[in-house]
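For reference, the chains in residue letters:
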Amino acid sequence: MAQHYDISFYPQKYFKKIELSFKKKFENGIQKVKHSLLYTQIEDERAKEHPNDLVFETSRKVVNEREAFEIHFDQSKNSITKIYLVK
């Protein structure tokens, strides 16, 4: 099983930039994210943290390496709850 690291605990500038870019993309509307080729929705119920959770996976380049990220979006609050770096 993959390890998940909450990026809010990392003080590095590039993690903060990645977090801001995800939040900005999700503010534009969840439908745009669902139909984007950059984000893949995970349909497995085991990935959800709560019933209103939508889980997306994507990747970004971090210090010359492509890293996988998992984004948890709460439909009732209409906001991102967690962003994980997946190793």
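What you see is a predicted model; the values in this text were computed from it and never measured. (Residues numbered from 1 in each chain as written. Predicted model: local features only at pLDDT ≥ 70, side-chain atom pairs only at ≥ 80, totals over all residues. Heavy atoms only, no water.)

(A) A look at the pattern of salt bridges. All chains considered together, the criterion is met by five salt bridges. For K48, the salt bridge goes to E45, with nearest N and O atoms at 3.5 Å. Assessed through its relative accessible area of 26%, K48 is described here as partly exposed. (Salt bridge = Lys/Arg side-chain N within 4 Å of Asp/Glu carboxyl O. Buried < 20%, exposed > 50% of the residue type's maximum accessible area, 1.4 Å probe, protein only.)

(B) Region of the structure containing the pairing of strand β4 (residues 65-74). In terms of residue burial, β4 counts as a mostly covered element, since seven of its 10 residues are buried. Pairing between strand β3 (residues 53-62) and β4: 10 bridges, direction antiparallel. Its bridge partner lying in β4, T58 is registered against F69. Adjacent in sequence and paired antiparallel, β3 and β4 are bridged by two residues, among which V63 carries a positive phi angle near 50°. Sheet analysis places β4 next to strand β5 (residues 79-86), joined by seven bridges and oriented antiparallel. Along β5, the bridge assignment pairs F73 with I80. Linking β4 to β5, which pair antiparallel, is a turn of four residues; within it N78 sits at a positive phi near 55°. (Helix = DSSP H or I, 4+ residues; strand = E, 2+ residues; numbered from the N terminus. Pairing = 2+ DSSP bridges.)

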